[in-house]
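Next come the chains, spelled out residue by residue.
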Amino acid sequence: NNIQGGYLVVLIIDKNNVNFDELVKILKLVIILVGITSITDWIMRICNNSMTYRISRRLRQDAFRKIQSLPLSYLDARPSGEIVSVLINDIEQLTDGLLLGFTQVVTSLLTIIGTLILMLSINWLIALVVIVLTPLSLFMAKFITSKTHKFFVEQAKIKGELTGFVNEM
């Protein structure tokens, strides 16, 4: 069977004129595809979580090993709560980024490829406009990110100082 847009509607001709055999076949196919998608998504999330948390654990272990080897003059010059807070916050933000990033990269790539194929099959001119404008939007996103990065760095520094102050008190 050739499943195209509107094919299900064609199977429902009138109130008492419905091709239930074909309708059930298509609905079974949809249910199977949704099931496969759900299982692969679940597997991807398990792999992603496992990898991200192993990376996070390794970073924490390496960072705390490094803190233990720092000279006392460095540790005395800074509040201990600030060092630990900055370390924990940075690793937590990195972990969150990895967790979201890996999941979204795969999903986004599949969505983009599927959308482009669909657009090319419907109207190649619209697909061409999207293909040309996408790099422009990515450039704008990079531009905005590079201009706002310093604010996030400053926010993390202030947050570390405040947490260090609270821990010292």
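Since the structure is predicted, the reported quantities are computational estimates derived from the model, not experimental observations. (Residues numbered from 1 in each chain as written. Predicted model: local features only at pLDDT ≥ 70, side-chain atom pairs only at ≥ 80, totals over all residues. Heavy atoms only, no water.)

Bringing the overall build of the chain into the picture now. Along the chain, the regular secondary structure elements total five helices and two strands. Starting at the N terminus and walking to the C terminus, you meet the elements of the chain as α-β-β-α-α-α-α. Along the first, second and third principal axes, the C-alpha atoms of the chain reach 85 × 35 × 25 Å. When the 169 residues of the chain are sorted by exposure, 12% land in the buried category. In the chain, the share of contacts with a sequence separation of at least 24, taken over all contacts with a separation of at least 6, comes to 62%. With the model as given, the accessible surface of the chain reaches about 13600 Å², and the carbon-plus-sulfur share is 69%. (Helix = DSSP H or I, 4+ residues; strand = E, 2+ residues; numbered from the N terminus. Buried < 20%, exposed > 50% of the residue type's maximum accessible area, 1.4 Å probe, protein only. Contact = heavy atoms within 4.5 Å. Areas by Shrake-Rupley, 256 points an atom, 1.4 Å probe, with all protein chains shown as cover.)

The next thing to look at is the pattern of salt bridges. Between side chains of opposite charge, pairing is possible as soon as their charged atoms come close. In this structure the tally under the stated criterion is four salt bridges. Among the ionic pairs, Asp62 bridges to Arg58, the shortest N-O distance being 3.4 Å. You can see Asp62 and its partner Arg58 sitting in helix H2 (residues 20-69), four residues apart, about one turn around the helix. Its salt-bridge partner being Asp62, residue Arg65 comes within 2.9 Å of it at the nearest N-O pair. (Salt bridge = Lys/Arg side-chain N within 4 Å of Asp/Glu carboxyl O.)

Here the focus is a nonpolar patch on the surface. A contiguous nonpolar surface patch, about 1200 Å² in accessible area, is contributed by Leu120, Trp124, Leu125, Leu128, Val129, Val132, Leu133, Leu136, Phe139, Met140, Phe143 and Ile144. It is helix H5 (residues 124-168) that contributes the most residues to the nonpolar patch, eleven residues altogether. Relative to the helices and strands, Leu125 is located in helix H5. Classification of Leu125 as partly exposed rests on a relative accessible area of 46%. (Patch = residues over 30% accessible without salt bridge, like charges linked within 9 Å, V, L, I, M, F, W, Y side chains within 5 Å.)

Attention now moves to the nonpolar core. Formed by Ala63, Ile67, Ile83, Leu87 and Ile91, the largest nonpolar core amounts to five residues. Counting residues per element, this core draws most heavily on helix H4 (residues 80-122), which supplies three residues. (Core = buried A, V, L, I, M, F, W, Y, C linked by side-chain atoms within 4.5 Å.)

As a further point, take the environment of Val86. The residue Val86 is located in helix H4 in this model. Along the chain, Val86 and Lys157 lie 71 residues apart, while their C-alpha atoms are 7.4 Å from each other.

Right, let's get into the confidence of the model for the chain. Within the chain, residue pLDDT values average 83, and 94% of them lie at 70 or more. Between the elements of the chain, mean pLDDT differs from a low of 69, seen in helix H1 (residues 7-11), to a high of 89, seen in H2. (pLDDT = per-residue confidence, 0-100.)

With respect to the helices and strands, Glu82 occurs in helix H4. The residues touching Glu82, leaving out its near neighbours within four places in the chain, are Gly160, Glu161 and Gly164.

Attention now moves to the side chain of Thr52. By the secondary structure assignment, Thr52 is in helix H2. On the basis of relative accessible area, Thr52 is assigned to the buried category, the value being 0%. If we skip the residues at most four places from it in the chain, Thr52 touches Thr95, Leu98, Leu99 and Phe102.

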